[in-house]
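# Examination of the molecular architecture
These are the residues of each chain, in order.
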Amino acid sequence: MQQTNAEWQQDYKKNIGNATDTLREKLKSKKRIVVKIGSSSLQHPETGDLDYTKMDILVRELCNIRNQGKDVILVTSGAIGCGRKSLHIKPPLTLAQKQACAAIGQARLMTTYQRIFSEYSHLAAQILITRHTIVSDLNRKNAQNTFHELLAMEVIPIVNENDTISTFEVEDVIGDNDTLSALVTALTGADLLILLSDIDGLFTDDPRKNPDAKFISEVESLTDDFIRMGKGSTGSSVGTGGMETKIIAAKIATYSGADMVIANGKDVRVIHRIMEGRNYGTIFKANKNADFDFTEFIENLHK
């Protein structure tokens, strides 16, 4: 007889629940945290305009982490959508239009972030990254030095892909900054990556299409079964990344030695709940792999 979802959850909790609780408890002691937020979590679904209330809460959450003496880095999407709204352009957009919108939207987005961060007495700095920042030894070292100095100065770096000159993210290769946030995690030696998405975490199937899809609270290691579970697509017309890009991000982050949590960004206060060790989202356990080269991995991605 096939298990109901409730029965499956009971068995799952019985088998690994205690291990999950212990793993989440350890999140309280993390020292360097990367938080990624997607386009759909930053905008009003009705209009596509920036949700200033949510941005304010997000910034407050990040500042509170910084106030605890921890390093925090924000990887944010939203530049293209922000620019598109400013120009009153309706989709679909050409590649050139997306890049132009990114140029306008990134400035507006960063201005908004800096204004809100200043209200909580914190400084924010912009870092724009391309694929070549990662694969070039010199560029990568320069980026690492910049992150190191900013964090030493207690500044909060805000990272986005440089969509005005790079077509990887806008052509859906990197994937709505999911992969970028994992690369930033590896690049900076962060020990926790929090991906805020439009879904509660990892499921055995797409829960929007399959009501019997079962939620998975912990991934001990990335087996082929888990990779197959990520072959779905995003439920949002705003972002570009689906669950597959989050599985790629999990591979980069966990193999680089960081835990990763996928959680729903509808309420961004979930950040401090995760940091308190509470049971939100899917947690991927760090499995540092000494043979894993994230620069080689990204260079070969989607070749």
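Just so it is clear, the structure is predicted and the values come from calculations on it, not from any experiment. (Residues numbered from 1 in each chain as written. Predicted model: local features only at pLDDT ≥ 70, side-chain atom pairs only at ≥ 80, totals over all residues. Heavy atoms only, no water.)

Let us now look at the pairing of strand 1 (residues 32-37). Among the 6 residues of strand 1, 5 are classified as buried, and the element is accordingly described as predominantly covered. Of the pairings in the sheet, the one linking strand 1 to strand 2 (residues 71-76) comprises 6 bridges and is parallel in character. If you follow valine 35 over to strand 2, its bridge partner there is leucine 74. (Buried < 20%, exposed > 50% of the residue type's maximum accessible area, 1.4 Å probe, protein only. Helix = DSSP H or I, 4+ residues; strand = E, 2+ residues; numbered from the N terminus. Pairing = 2+ DSSP bridges.)

With that out of the way, let us pick up helix 5 (residues 95-119). For helix 5, with 25 residues, the first-to-last C-alpha span of 36 Å sits near the 36 Å given by 1.5 Å per residue. Within helix 5, the full set of buried residues consists of Gln99, Cys101, Ala102, Gly105, Gln106, Leu109, Met110, Thr112, Tyr113, Ile116 and Phe117. Note on helix 5: the residue one or two positions beyond its end, serine 121, has a positive phi of about 65 degrees. (Expected span 1.5 Å × (residues − 1).)

With that out of the way, let us pick up the packing of aromatic side chains. Inspection of the entire model under this criterion finds 4 aromatic pairs. Centre to centre, the rings of phenylalanine 203 and phenylalanine 215 are 5.3 Å apart; their planes meet at 65 degrees, and the pair counts as edge-to-face. Placement of phenylalanine 203 in strand 6 (residues 202-203) and of phenylalanine 215 in strand 7 (residues 215-216) is noted, with a sequence separation of 12 residues between them. On the basis of relative accessible area, phenylalanine 215 is assigned to the buried category, the value being 18%. Taken together, a centroid distance of 5.6 Å and an interplanar angle of 55 degrees make the contact between phenylalanine 292 and phenylalanine 297 tilted. Phenylalanine 297 carries the same exposure label as phenylalanine 292, and that label is buried. Ring-pair connections join several aromatic residues into one group, and the members of that group are Tyr255, Phe292 and Phe297. (Phe/Tyr/Trp six-rings, centres within 6.5 Å; stacked < 30°, edge-to-face > 60°.)

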